[in-house]
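Here's the letter readout for the chains.
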Amino acid sequence: MPSQQPAAAQRRPSRRRVLRTSVAAGAVGVTGASTIVSAAAPAARTARDSGRRGSSGVRLRWLGIAGWELTFDGHRLLIDPYLTRQRYTGPDGKADLTRKLEVNHRIIDRVLGEHLAGAPEFVLLTHGHWDHLADVPHLLDHPAWRDKEINVLGTETHLHLLTAMGVPGKGRKHRPVLVSGGEVLRYPLQPSGKRSRADYTVEVVRSLHSQLGGYGFDPYGTLTAPPSRPRTLGDLVEGGTLGYQVTVGDRLSVMFLSGTANFAAREVSGATPDVLVLGSSGHAAVHDYFERAVSALGRPRVVVPSHHDDMVTALDDPAVHDTVNRRVVDQLQQVVGSDGRVVDPRHLEQFEL
């Protein structure tokens with residue numbers, strides 16, 4: 001089952017330390033998105049607050065559900081790029097995992113043509129459910145992307161699902177990359193026999209799936225070999241959940257715990273990202289979720305909710321913005337308080353961090 005249940009429209013185990021202390025966001029500005037509070041944190045709050053001033057050049061774009069585009073300096077990364085947004089409930093309003101998988105090629109063409117100006121260097125998968133992984137094979141095979149070299153990060157299960165769906169495909173340069181949490185990957189690759197500075201790094205963090213009423217979620221499961229080609233929503237199992245922190249040189253770090261509304265606190269202990277993109281619905285069984293996440297990550301200066309729309313309204317329907325559960329935006333602002341700011345993102349609209 002996805003990380004969130006449909007949102008009502010609101011009109012109004014390792015103990016290791018993860019990541020180095022991030023560089024300051026300074027007085028982080030957000031443009032192109034409404035913000036609930038724009039209060040600056042106290043000047044002496046932490047050392048990171050006295051770092052950068054002015055524009056960061058790092059931008060986010062919400063692709064709906066848990067999908068995100070992160071861009072800077074000509075680089076592009078995508079997290080859980082799912083654009084089809086098919087219906088997943090039966091007549092009774094409950095999730096029907098026997099529904100056949102659908103692909104909305106029209107909306108994929110439109111989003112790639114009008115909003116995603118180029119192929120990404122990385123696609124980062126948080127888990128294997130349809131509303132995170134189902135469009136990835138079709139995106140990789142799109143004429144705009146098929147001849148590019150794209151690194152797709154995921155667990156063993158995620159890569160087995162992609163293999164069953166034809167990834168990387170005959171003659172394709174795409175590179176499925178197995179990760180499990182703890183990897184710190186640099187871009188570009190280190191030149192042989194030379195030392196060079198990375199443009200950015202991606203650290204993989206072991207995480208947890210949301211736990212809904214009844215303490216569980218569907219469809220769960222792991223794979224040790226490629227299955228038959230997935231045909232239904234239920235064929236795309238969770239297969240482990242991951243988070244990612246992207247650090248842009250000495251400018252800014254962004255933590256994506258964006259695909260689910262849960263996290264493994266000990267896995268992110270010691271991390272102090274400037275920006276936290278946080279899954280925000282479907283945590284009925286998770287104790288003090290918002291409070292623990294914000295506290296465990298050193299009270300990030302900017303928090304961006306994720307996975308809090310209705311999951312089905314088409315991205316080119318103007319009504320999609322009215323399907324966002326803005327109660328979670330208000331709740332996050334109460335948790336963050338005057339120490340930071342919560343962004344209320346709008347679908348497909350880019351904003352700077």
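Cut-off values and rules
Residues numbered from 1 in each chain as written. Predicted model: local features only at pLDDT ≥ 70, side-chain atom pairs only at ≥ 80, totals over all residues. Heavy atoms only, no water. pLDDT = per-residue confidence, 0-100. Contact = heavy atoms within 4.5 Å. Salt bridge = Lys/Arg side-chain N within 4 Å of Asp/Glu carboxyl O. Helix = DSSP H or I, 4+ residues; strand = E, 2+ residues; numbered from the N terminus. Buried < 20%, exposed > 50% of the residue type's maximum accessible area, 1.4 Å probe, protein only. Axes fitted to C-alpha atoms, helices over the stretch in contact; angles between N-to-C directions. Parallel < 35°, antiparallel > 145°, perpendicular 65-115°, else oblique. Left-handed = near helix turned anticlockwise from the far one by under 90°. Nonpolar A, V, L, I, M, F, W, Y, C, P; charged D, E, K, R; others polar. Arc of directions from axis to C-beta. Pairing = 2+ DSSP bridges. Phe/Tyr/Trp six-rings, centres within 6.5 Å; stacked < 30°, edge-to-face > 60°.

**A look at the confidence of the model for the protein**
The predicted model of the protein has a mean per-residue pLDDT of 87, with 85% of residues at 70 or higher. Confidence drops under pLDDT 50 across residues 4-18; counting only partners more than four residues distant or on other chains, this segment forms 51 contacts. Low pLDDT, under 50, characterises residues 20-52; the predicted model gives this stretch 94 contacts beyond four residues in sequence or across chains.

**Some words on the pattern of salt bridges**
Tallied over the entire structure, the rule returns 16 salt bridges. A salt bridge links Asp316 to Arg106; its shortest N-O distance comes to 2.4 Å. Remark: Arg106 occurs in helix α1 (residues 105-114) and Asp316 occurs in the loop between β13 (302-306) and α7 (327-336); sequence separation between them is 210 residues. Judged by relative accessible area, which is 26%, Asp316 ranks as partly exposed. In this structure Arg106 comes out as partly exposed when scored by relative accessible area, which is 46%. Across the pair Asp344 and Arg326 runs a salt bridge whose closest N-O atoms are separated by 2.9 Å. Highlighted residues: Asp344 in strand β14 (residues 341-344) and Arg326 in the loop between β13 and α7, separated in sequence by 18 residues. Of the two residues, Asp344 and Arg326, neither departs from the other in class, the shared state being buried. Put simply, Arg106, Arg110, Glu114 and Asp316 are held in one network by salt bridges that share partners.

**Some details on the packing of helix α6 (residues 289-296) against α7**
Direction vectors running N to C along α6 and α7 enclose 50°, while the axes themselves pass 10 Å from each other. Put simply, α6 runs oblique to α7. Considering only the axes of α6 and α7, their crossing is right-handed. Within the contact between the two elements, α6 uses Phe290, Glu291 and Val294 and α7 uses Val328, Gln331, Leu332, Val335 and Val336. For the contact of α6 with α7, the class distribution of residues is 6 nonpolar, 1 polar and 1 charged.

**Regarding α6**
The periodicity of an α-helix, 3.6 residues per turn, causes residues three or four places apart in sequence to face the same way. Considered for burial, the residues of α6 that qualify are Tyr289, Phe290, Ala293 and Val294. Along the axis of α6, the buried positions cluster into a sector of 115°, meaning they face one direction only.

**Some remarks on helix α4 (residues 156-164)**
Judged by how many residues are buried, α4 sits mostly within the fold: 7 of 9 residues are covered. Burial in α4 covers these residues: Thr157, His158, Leu159, His160, Leu161, Leu162 and Ala164. As for α4, its buried residues are in contact with α2 (130-133), α3 (136-140), β6 (151-154) and β7 (175-178). Of the residues flanking the end of α4, it is Gly166, one or two places downstream, whose phi is positive at about 95°.

**Details of the sheet that holds strand β2 (residues 59-64)**
In spatial order, the strands read β7-β6-β5-β4-β3-β2-β15; together these 7 strands make up an open sheet with mixed pairing. One side of each edge strand has no neighbouring strand; the edge strands of this open sheet are β7 and β15 (350-352). Here the strands of the sheet are splayed against their neighbours by 20° on average, with no regard to which way each runs. Of the strand pairs in this sheet, strand β3 (residues 67-72) and strand β4 (residues 75-79) are connected by 5 bridges, and their pairing is antiparallel. When the bridges of β4 are listed, Phe72 appears paired with His75.

**Considering unusual backbone geometry**
Cis geometry marks the peptide bond from Val167 to Pro168, where omega comes out at 15°. Looking at the secondary structure, you find Pro168 in the loop between α4 and β7. Here Tyr187 and Pro188 are connected by a cis peptide whose omega angle stands at 0°. Checked against the element boundaries, Pro188 lands in the loop between β8 (184-187) and β9 (200-207). Despite not being glycine, Arg85 has its phi angle at roughly 60°, a positive value. Counting through the fold element by element, Arg85 comes out in the loop between β4 and α1.

**Here's the deal with the packing of aromatic side chains**
Aromatic ring pairs: the centre-centre distance and the angle between the two ring planes describe each pair. Applying the stated criterion across every chain yields a total of 8 aromatic pairs. Their ring planes at 20° and their centres at 6.0 Å tell us that Trp62 and Trp68 sit as a pair that is stacked. Note on accessibility: Trp62 and Trp68 belong to one class, buried. Counting every residue linked through ring pairs, the aromatic cluster contains Phe72, Phe122, Tyr187 and Tyr200.

**Some remarks on the environment of Ser228**
Of note, Ser228 is situated in the loop between β9 and β10 (241-248). Taking the relative accessible area as the measure of exposure, Ser228 reaches 64% and is therefore exposed. Spatially, the C-alpha atom of Ser228 lies 9.7 Å from that of Thr163, the residues being 65 residues apart in sequence.

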